[in-house]
Amino acid sequence: VTALIAATGQVLQSWSPQAPDQLVAEQASHTPAEVEEAVALGRVAQRSWWGRGAAGRAAALTGAAQAIRARADEATNLVVREVGKPVGEARGEVGRAVSILDYYAQAAFAAVGSQYPPSLGGLLYTERRPHGVAGLITPWNFPLAIPLWKAAPALIAGNAVVLKPSPDALACARLLDEMLTPFLPEGLFQVVYGGSETGSAVVAQADVISFTGSSGVGQRVAVQGAERGIPVQCEMGGQNAAIVLEGAAPESTAAAIAGAAMGYAGQKCTATRRVVVVGNNPGFVDALVEAVRRLAPGDPAEAATVVGPLINERAYGTVQAALAAARAGGGRMLAGGGVPDRAGWFVEPALVDGLASHDRLCREETFGPFATLLHAADVAQAVWLANAVPYGLVTSVHGPDVSEILSAVAGLDTGMIKVNAPTTGVDFYAPFGGEKGSSYGGREQGMAALDFFASTRTVTIAPHPA
Ligand code: NAD
């Protein structure tokens, strides 16, 4: 079998998570030699693209945004079918994809450098220059938005793109390819399909790497890129806390946290994984249990569904193992933990109390609808608990007292903090990223992404001596 795969190339398949007997897409994997060819082709295309100027690059992205707008329903349905994202969120992701392209199309006209007082007379200025070919490696959970929030700034900064999408989101990547390439010179945007071998080949060939995915893989990507001396950016996992201060409104806070923990079956890097309750908040825990119980898993194609299936059998196994470990470790299931009687990789959202804060389940990411409850005597202890993990992506703080909120914000060590707002949800025009094991390299999104996908050079132009 191995010899056959080596001779014919591996065939990737993506299956619908809510109907695991339905094949959504099939695609031959790209070999490392094919990745090398793609990068070489990208290098040629990049030169003509850079020569187009800002207005030419902006027009291309505006055209691509219009193409997605025109196929929004098709794209929404495909996201629902291929990755099991609830339809309301899938529609939101398609809308965001359009906004990202429109935003970066306009960002083409932003300043590309600064001017300084010259010590020799003449001119002293900086200018942003593209790296060449950007290698983008993406996960399956935001199959349109994540590739685009990397590709759009990479392209506008003047680079070519080679995208390596997740094998679980093949059809979404193909649709993206179809919608973008008509507006771009041949070879400027290419998709290479495959798993770790293909991804690693991209890191071995491209001039700059932007990765999003799990921390284990991201660490390998960072090391491989650093060995080559190229810029690398990795956005990875999270073990995000929601801190509930005394006086937080029980019902609305519980609803926001339950949605952030369990929406899309907890398969967001920004999902709330730990709920830290400070002091006495009678009613909050009860309201949270109720809010989680209300989020029964359902068909992601139905408008009312908030929790769909897990992506695949492996993810289902990981969540089942976490539930078993929680029970074995003395955890009490306050809600969920069962398996609904329906086809597909569904599990009931689980809220677990009674685990120690240093328990592996409180420190490591379980990428599913699984959250733990922790208790703190005061704000300082809540902040300590929130920080006591190897990750640092996002924390939410809920409560009415401004002094307590400011003290929590000052003590937290995450890259993003949300006050009286869920950990989930991203404003694509503001810098995005974490600390510690959650992120490596420069920030994504907003204008920060343009800095990452370009190199700044400093030019001195002195007057010719008389
Ligand atoms: P994953 O790490 O399994 O895969 C991510 C990508 O890396 C895929 O395209 C995969 O094929 C590729 N890959 C695998 N091995 C590789 C290697 N050795 N070299 C290069 N590429 C390789 O992640 P996933 O399961 O697709 O996504 C879920 C994870 O992504 C979660 O941990 C989640 O927290 C994280 N995530 C993070 C963010 C963020 O912005 N911080 C956003 C979304 C998802």
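Look up a bit, the structure's there.
Residues numbered from 1 in each chain as written. Predicted model: local features only at pLDDT ≥ 70, side-chain atom pairs only at ≥ 80, totals over all residues. Heavy atoms only, no water.

Asker: I keep staring at the site of the ligand and nothing clicks. Help me out?
Answerer: The immediate surroundings of the ligand are formed by 28 residues, with Thr138, Lys164, Ser214, Met236 and Glu365 found nearest. Separating an oxygen atom of the ligand from a backbone N or O atom of threonine 138 is a distance of 2.8 Å. Note that a nitrogen atom of the ligand is positioned 2.8 Å from one of the backbone N or O atoms of methionine 236. Relative to its free-state accessible area of 870 Å², the ligand is covered by the protein chains to the extent of 89%. The dominant element in the shell around the ligand, judged by the number of residues it contributes, is helix 8 (residues 196-205), at three residues. Tallied by class, residues from the shell around the ligand come to 14 nonpolar, eleven polar and three charged. (Near = heavy atom within 4 Å. Polar contact = N/O pair within 3.5 Å; in protein donor to acceptor, adjacent residues only side chain to side chain. Areas by Shrake-Rupley, 256 points an atom, 1.4 Å probe, with all protein chains shown as cover. Helix = DSSP H or I, 4+ residues; strand = E, 2+ residues; numbered from the N terminus. Nonpolar A, V, L, I, M, F, W, Y, C, P; charged D, E, K, R; others polar.)

Asker: Honestly, the sheet that holds strand 13 (residues 350-353) in this entry has me stumped. Any pointers?
Answerer: Backbone-to-backbone hydrogen bonds join strands into a sheet, with any given pair of strands oriented parallel or antiparallel. The seven strands lie next to each other as 12-13-14-11-10-16-17, forming an open sheet whose pairing is mixed. Since the sheet does not close on itself, it has two edges, and those belong to strand 12 (332-335) and strand 17 (416-419), each with one partner. This sheet shows a mean twist of 25 degrees between the axes of neighbouring strands, independent of strand direction. Here strand 10 (residues 240-244) runs beside strand 11 (residues 272-278); their pairing, made up of five bridges, is parallel. (Pairing = 2+ DSSP bridges. Axes fitted to C-alpha atoms, helices over the stretch in contact; angles between N-to-C directions.)

Asker: Just to check I follow, could you spell out the sheet that holds strand 7 (residues 189-191) for this structure?
Answerer: In spatial order, the strands read 7-6-5-8-9-19; together these six strands make up an open sheet with mixed pairing. Pairing within the sheet leaves two strands with one partner each, and these edge strands are strand 7 and strand 19 (439-440). Here four bridges tie strand 5 (residues 133-137) to strand 8 (residues 208-212), and the two strands are oriented parallel to one another. For isoleucine 137, the partnering residue across the bridge sits in strand 8 and is phenylalanine 211. Here helix 8 sits on the sheet in contact with strand 5, strand 6 (160-164) and strand 8, set at roughly 155 degrees to strand 5. (Contact = heavy atoms within 4.5 Å.)

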